[in-house]
Amino acid sequence: MGSTVKYEAGNGHHEGVSFLNSSPSSKRRGKRKVVIIVIVLLLFLILTALGGILAWLFLFKSKSNSTQAVRNAAAPSVRAFSGSCTISSLDYSADYENSRSDQFYLIANAVTRMINSTISADSTIAPFFTQLAVNAFSEGSVIAYFWMRFDVSESNSAVLPSLSKSYVLSLLQKSTRKPKQTGVSEDLRITTVALSPADPRLLRFPKDENCMFDLTADPSGKKVNFTSPGFSKGAYARNEQCQYILRAQKGYVIYLNFPIFHIEDNCTGEFVTIFDSLSASDDDLITMKCGNRPPSNPLTVLSSGHVAMVSFINDGTSVYPGFSAEFHQVLKMKECKLVLPGSEGNFTSPYYPAFYPPNIDCVWTIQAPPGMRIRITFNMFRLLEPDVKDDCLKDYVELFGQRYCGEKLPFTVTSDGPTAVVNFHSDESQTDKGFEAEYSIYDPRKPCTDGQFACASGRCIPPDLKCDGWNDCEDLDDEQNCVCAADQFRCDNNLCKSLLWKCDHVNDCGDYSDEKGCQCEAKQWECNSGQCIPTEKYCNGVNDCADSSDELSCNSTTVPCTNAAYVCENNKCISKVNAECDGVTDCEDNSDERYCSCGNRPYKHNRIVGGTDADVGEWPWQVSLHYQGEGHLCGASIISDRWLVCASHCFQPTDRVDYSRPDKWTAYVGLRVQGDTSTAQIRKISKVITHEYYNGDTFDYDAAVLELSSPLTFSNTIQPICLPATSHIFQAGKSCYVTGWGTLTERGQLAQVLQKAEVKIINDTVCNSATSGQVTPRMMCSGYLTGGVDACQGDSGGPLSCMEDSGKWFLCGIVSWGEGCARRNKPGIYTRVPVIRKWIKEKTRI
Ligand code: ARG
């Protein structure tokens, strides 16, 4: 692989020049000298070969635990740079694209000699200079892409600061400025040089044929395909290091799409990088990706010029299908400037929803009649670059003197005059999806229609959201100057909040005034149950709270087995909240991390997607249960390849229909749209086990487990959810998701597309008062007291899914009942899964 020090091309030319601190001019001085030189050279070769092997071992064999950053992945003693230079004295010929042509050899050799002599002349860095190659050419006069590598042993690490981009670049610039004797062609005039740090793993010699591709776009615009190695066989070979050079005609850019992308989740040892250049320099990196992308969120990127390069690295620790990609050329956008017409409309970043290209500036102008104003809402906004802070110095959207960058929830901005100018800037590296925006012209004297309330931001909200205790305007504008209603209290900061939220352990006011003066005093600690204990008793190894919650969040130690402690398989107990499947082994016998192939979503989703339609594979444990002749009736959750969890009330026989008969039920798994079974697995139910204590009047113990007639095959869209341990705590205030095909409104129709809604876990005291005491210890509330977001008829039995810090999803609740749907102060009621955990195990052995 790519680390032998010297590269010998098949035709005897060598273009990868190595090291050489010796003077370039050498003359024969008799046989003895030759012998000595040969011996020295041999020794040198052996040593450098050894160094090469060591470097190779270090770079490719050692499992690096460094961070994601491309550069950091290399050993600290390796410095690599990649860059390009423009040779203005040459005319371009297609021969330069063939690394086996004489032309390629000739010019590559001239450029390497030039760089080699420049670097070798610098006594500070020359001793560490180990590799150099010109790896490609492209048109633009002639652009040569090259890379170089330095290896520094630990004892010489003092030189590392000098091995910086600016130092090496200034050497190269100095030497190219003066006309230099290159040894091949005197008129090799180099006008510009660019250089950037590079990941040494990505550097390849041009004649190394292993997994190297040079692809040219079809001038007719037809797509050209390529794949990762072994893609057609279903999995790629181990330890591949592939490079795909993509070319288009001058004046065109490359539109590159990956219809299938499935590699390892962790980018450290396995990743795809896309460069806006034929050199693997960090400065030209468009994006670096790993993981698995759903068809609904494909990776699509654009180059800024007529070349691009894709690299694929895998360290061979795992086997995945890989990727399939296609590209075609599109005319380069001449200018990105638009006057937006009419009184409303949409606009997006260039090529949206593909990644916007690097190096582009766009301007949109909206002109309203005098006296009118402009409102712009960004529904999707993602201009994310690693390590970029709020200063927005790289890619940004600028309007009304304010810069926006990063990833944002939908937001609205309004003009204070009749003109809006939106600027978009993308710099040379790291691009993203961009944005999608809506604009409309409005009259500032009447900013909102239909009696809606106008926030200061210009946003319009339904009038009943004013003074309801919720920050609907996002700037609290709708909660100012309110007269608190009878069921509200006034916070110290004057906001009105529902009385139900007082002393619920959630900082609703924002200044904690709703949590002041509640049961526990200053030097007391509050148990999960609300009981108060002296602060010093917290984590003292003794259970002071009746529910032991004072000893639960301490560093995990073995404790007496109380109800609240986590019980390991060896029956020892540990004090740690939510110890199961959190990625840390807490039990001596490892049992807390043993059954953890659950709660994963193989597909990568954009974190912010508008709307409530679920994406493909977003809730892979969601099941649709159909009853013969009646279609979808209930939801359920996958907990293993044979078992589902559901609600007991779905299986209660009526006078007319015997819903308890398993043979009449069918489970649709991997489904998103009702009726579209192309991706679904369909199973008959062989057994329905409802909870023995289920009470049809109170809905207490509303749980059931279902056995499938044959096991499921897990896939990107079919996965089990993790079951929480009996001791698992889902904190009040935590955001979770309820999903299902239930009705969209109280008396409405069932949904076709799986719906998702974010709901918050509601504190038990609040839950109890909101339901006038109807909740039992087997139930919990989730939703919003303002109403508007809830599960509804047909969602029953389905999951309330919560993600824990480990990234794993847990089944927190089962949709059970509610008073109507989404009504004010009437949250949804769910079966509490931790309390029926033991029962599930008893029935299913899971
Ligand atoms: N019992 C309903 C069903 O059978 C579920 C009701 C959930 N209601 C609510 N407001 N969260 O589908």
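Summary of the structure given here. (Residues numbered from 1 in each chain as written. Predicted model: local features only at pLDDT ≥ 70, side-chain atom pairs only at ≥ 80, totals over all residues. Heavy atoms only, no water.)

1. A closer look at the packing of aromatic side chains
Taken as a whole and assessed by the stated rule, the structure comprises 38 aromatic pairs. On the basis of an interplanar angle of 65 degrees and a centroid distance of 6.3 Å, the ring pair of phenylalanine 226 and phenylalanine 327 is categorised as edge-to-face. Placement of phenylalanine 226 in strand S6 (residues 224-227) and of phenylalanine 327 in strand S14 (residues 322-331) is noted, with a sequence separation of 101 residues between them. Both residues of the pair, phenylalanine 226 and phenylalanine 327, belong to the buried class. Aromatic pair phenylalanine 378 and phenylalanine 411: ring centres 5.0 Å apart, planes at 15 degrees, arrangement stacked. Separated by 33 residues along the polypeptide, phenylalanine 378 in strand S18 (residues 373-383) and phenylalanine 411 in strand S22 (residues 411-414) bring together distant segments of the chain. Note on phenylalanine 411: relative accessible area 11%, which makes it buried. Cluster of aromatic residues (ring-pair linked, three or more members): Phe347, Tyr356, Trp364, Phe378, Phe381, Tyr404, Phe411, Phe424, Phe435 and Tyr439. Stacked on the ring of tyrosine 442, the Lys or Arg arginine 375 has its end atom at 4.3 Å from the ring centre. (Phe/Tyr/Trp six-rings, centres within 6.5 Å; stacked < 30°, edge-to-face > 60°. Helix = DSSP H or I, 4+ residues; strand = E, 2+ residues; numbered from the N terminus. Buried < 20%, exposed > 50% of the residue type's maximum accessible area, 1.4 Å probe, protein only. Lys NZ or Arg CZ within 6 Å of the ring centre and 35° of its normal.)

2. Things to note about the pattern of salt bridges
Applying the stated criterion across every chain, the model contains 27 salt bridges. Its salt-bridge partner being glutamate 326, residue lysine 223 comes within 3.6 Å of it at the nearest N-O pair. Note that lysine 223 is positioned in the loop between strand S5 (212-216) and S6 and glutamate 326 in strand S14, a separation of 103 residues in sequence. When its relative accessible area of 46% is taken as the criterion, lysine 223 is described as partly exposed. According to the relative accessible area criterion, glutamate 326 is buried, its value standing at 17%. (Salt bridge = Lys/Arg side-chain N within 4 Å of Asp/Glu carboxyl O.)

3. A few points about the pairing of S18
Most of S18 sits inside the fold, with nine of its 11 residues counted as buried. Examined bridge by bridge, S18 and strand S24 (residues 434-442) share nine bridges and lie antiparallel to one another. Across the sheet, the residue bridging to arginine 375 is serine 440, located in S24. Note that S18 and S22 share four bridges and pair antiparallel. Along S22, the bridge assignment pairs threonine 377 with threonine 412. For S18 and strand S21 (residues 406-408), the ladder comprises three bridges, and the chain directions are antiparallel. Residue pairing across strands places arginine 382 opposite glutamate 407, the latter belonging to S21. (Pairing = 2+ DSSP bridges.)

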